[in-house]
Every structure is written in C-alpha cells, then in structure tokens.
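# Coordinate inspection notes
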Amino acid sequence: AKRLGGRRHAFFRKELADQAHRHLALDRDLRTALAGGQFQLHYQPKVSLIDFSLEGFEALLRWEKPGHGMISPGEFIPVAEDTGFIVPLGDWVLDEACRQLRAWLDDGLDPVPVAVNISPRHLRHHSAEDFRRIIDRHGLSPDLVELEITEGAVMQDMDHALEVLAALKAMGIRVAVDDFGTGHSSLSYLKRLPVTTLKIDRSFVNGVPSVREDNGIVSTIIAMADMLGLDVVAEGVEKPEQANFLRHHNCTLVQGWLTGRPVPAVQAADLLVKRIKQ
Ligand code: C2E
Ligand code: CA
Ligand code: CA
Ligand code: CA
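Residues numbered from 1 in each chain as written. Chains lettered and ligands numbered in written order. Predicted model: local features only at pLDDT ≥ 70, side-chain atom pairs only at ≥ 80, totals over all residues. Heavy atoms only, no water.

- Looking at an unreviewed UniProt entry, the protein chain carries the name Diguanylate cyclase (GGDEF)-like protein/PAS domain S-box-containing protein, with the source organism given as Azospirillum rugosum.

### Digging into the pattern of salt bridges
- Across all of its chains, the model carries 18 salt bridges by this definition.
- Put simply, Arg275 and Asp110 hold a salt bridge, and the shortest N to O gap is 3.8 Å. Taken together, the residues span a long stretch of sequence, with Arg275 in helix α12 (residues 265-277) and Asp110 in the loop between α3 (86-106) and β4 (114-118) at a distance of 165 residues.
- Judged by relative accessible area, which is 28%, Arg275 ranks as partly exposed. (Salt bridge = Lys/Arg side-chain N within 4 Å of Asp/Glu carboxyl O. Helix = DSSP H or I, 4+ residues; strand = E, 2+ residues; numbered from the N terminus. Buried < 20%, exposed > 50% of the residue type's maximum accessible area, 1.4 Å probe, protein only.)

### A look at helix α2 (residues 73-83)
- Within α2, the full set of buried residues consists of Phe76, Val79, Ala80 and Glu81.
- Two to three positions downstream of the cap, the backbone nitrogen of Gly74 sits 3.0 Å from a side-chain oxygen, assigning the N-cap of α2 to Ser72.
- In the stretch just after α2, Gly84 is the one whose phi turns positive, near 95°. (Polar contact = N/O pair within 3.5 Å; in protein donor to acceptor, adjacent residues only side chain to side chain.)

### Here we look at the coordination of the calcium ion (ligand 2)
- Protein-derived ligands of the calcium ion (ligand 2) are Glu58 (OE), Asn117 (OD1), Glu148 (OE) and Asp178 (OD), with the metal-ligand distances lying across 2.2 to 2.3 Å.
- The motif formed by the donor residues of the calcium ion (ligand 2), counted along the single chain, is E-x58-N-x30-E-x29-D.
- Here the calcium ion (ligand 2) and the calcium ion (ligand 3) are spaced 3.6 Å apart, linked through Asp178, which binds each one. Residue Glu58 is found in strand β2 (residues 54-65), and its partner Asn117 is found in strand β4; the two are separated by 59 residues along the sequence. (Donors = N, O, S within 2.8 Å, 3.2 Å for Na, K, Ca; no water.)

### A closer look at the side chain of Asp214
- Within the secondary structure, Asp214 is located in helix α10 (residues 212-227).
- There is no salt bridge for the buried Asp214, and the closest opposite charge comes from Lys239, which lies 10 Å off by N-O distance.
- For Asp214, the residues in contact, after removing those within four places along its chain, are Ser203, Phe204, Gly207 and Val208. (Lys, Arg positive; Asp, Glu negative; His and termini not counted. Contact = heavy atoms within 4.5 Å.)

### Notes on the coordination of the calcium ion (ligand 4)
- For the calcium ion (ligand 4), the full set of protein donor atoms is Asp179 (OD), Asp201 (OD) and Glu235 (OE), and the range of their distances to it is 2.6 to 2.8 Å.
- Going along the chain, you hit the donors of the calcium ion (ligand 4) in the pattern D-x21-D-x33-E.
- In this model, the calcium ion (ligand 4) sits 3.2 Å from the calcium ion (ligand 3), the two metals being bridged by Asp179. Remark: Asp201 occurs in the loop between β7 (197-200) and α9 (202-207) and Asp179 occurs in strand β6 (residues 174-180); sequence separation between them is 22 residues.
- For Asp179, a relative accessible area of 24% translates into the label partly exposed.
- Assessed through its relative accessible area of 11%, Asp201 is described here as buried.

Structure (structure tokens):
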C-alpha cells in the first residue's frame, strides 16, 4: 500500500509539473501573440426586443495563433489571469475597443457603446484613473465605454471594487455586473454597488421557458434590476421562445445568437451604417 501511495504521489507531482509547464508555455505564447498582433476583437450586438434596434456591442477577444487557428478565450483567459498577463492584455483590449470607437467616429458613424470585459485581477490591479487614462487617450466621451465586471470579481475585494466602481460612475463610465446570478452576492451588497446594468448569465437564460426554476430566477433578476433602477441584459439568447419570455417579463435588451453572433470590426461597422439608414 505504501508503494502504491508513493506512486500515486509521484503521479500527481507529475500532473502538477505538466500543468505548470503548460502554463509557462502558454504564457510565453500569449506574450508573443500580443507583441505580434495576433489578437483581435469581435463585436457582439446588444439588441432591443422592442424594435430590434442596435443598442450596444460587447467586445470579445479572439486569438488567431499561427498554425493553430482560433483559440477560445475560455482556454487562455484563466491562464493569463493566473500569470498576471491579464493586466497588459486587458489594457490592450480596452485600448483597442477605444481605438475602434475613435475610428468609427472619424468615419462619420454614430457608434453605440462598446462593453469590455475586465477580469478580477485586472480590476484589483487598477484604479479608476488607470481605466480613464486609456479612454482619454482616444478623446472619447466616457459614456461610449462600458466595463463588464463579474459578480465574483466584485465579491473578491469588495472595498477596492466599491471604490473603483464609484469613481468610474462619477467619471461617466458605465459598469455592468457580468454573469449575474452566479456569484452569490446578497441583495444588500447589490444595493450598494454603483453600477448601471445587470447581465443575466447564459446558464439561466438557457433553461427558459422550459425549466421552472430558471424562469423564476430570470424573472426575479429582471424585477430586482427594475426595483434598483438598473438596466438588464439577458445573455445567450438563442431561441425565439426565450426572447418571448424575456419580453413578457419586461427585459428588453438581449445579446445572443438569435439577434447576432460576435463579428469582426468590419461587419460591426456595417451594422452601424444600417442603423443610420433606418
Ligand atoms: P462572457 O463575458 O459571458 O461572454 C459571452 C460569451 O458567450 C462569449 O463567448 C460569446 O461568444 C458567447 N455567446 C454569446 N451569445 C451566445 C449564444 O446565444 N449562445 C452561446 N452558446 N454562446 C453565446 P466567448 O467569446 O467564447 O468568450 C467566453 C468568455 O471569455 C467571456 O464570457 C469572458 O468571460 C471571456 N472573455 C472574452 N473576451 C474577454 C476579454 O477581452 N477580457 C476578459 N477578461 N475576458 C474575456
Ligand atoms: Ca461579458
Ligand atoms: Ca457574461
Ligand atoms: Ca457568461
């Protein structure tokens, strides 16, 4: 038994070493990718269910690794968060979204606000000024930019988060609580959060309208947002039945495959052009 235990131990040690090795290799590739311009942003529409007008975009990171094709953010964001590379990477994402907004304005388009995902470590690392400096670099009105912060990130360091969010709000930068409903934040915390929007996590929207519990959770989040004077966006809307349920419960903003997949900047610009013509 002792020998077996020893072998098990060695097995896990090898697993850990392999994982550390993979992390190191990926971290090195990520740094090369940033320096080499291998990242780009895709933009997913946020759409009104009332008239299907375009109300905003969420910028989503894409990594086209030479010889590997597209690598999903779900694979590399957690590692970047782990190694700390998320701070320069997250700054790049915000800067790139702002650069794109500036370019659209310079082209005579009337852009909608663009939301950028801010990871927990990025939020802990930065002050509100750090975020503002990037937006200011492009001479943008702060209300064209929204930061999406997960409920979990806010809970990790409540004092810092409250301070940054309050300062962002004072600067006119919009803030959304992302993946809402997954982070166990209490109502009393939510009441104190200086944010503008709640985004209902896809895992709840998924079950609507066939899973009774999900119907309850989704309609309760919508009612709560309404009571607190917050906008609410349902993410991951794929089916007309889901849109109908949401509309019926007074959630009018949706983001999902039903109303638009994430698209490269050129196609996002086409959506802005169509918007002017309407
Ligand atoms: P998220 O913030 O919850 O982003 C929404 C994800 O849902 C995106 O996946 C989007 O493509 C996907 N999605 C949108 N509509 C639908 C739908 O109708 N059905 C389904 N099945 N999926 C839908 P994506 O682009 O793979 O991003 C995954 C996650 O990676 C994001 O989840 C976010 O947490 C993270 N991420 C992406 N870009 C960034 C970034 O620039 N910075 C940070 N920190 N995280 C990012
Ligand atoms: Ca998001
Ligand atoms: Ca989300
Ligand atoms: Ca999500």
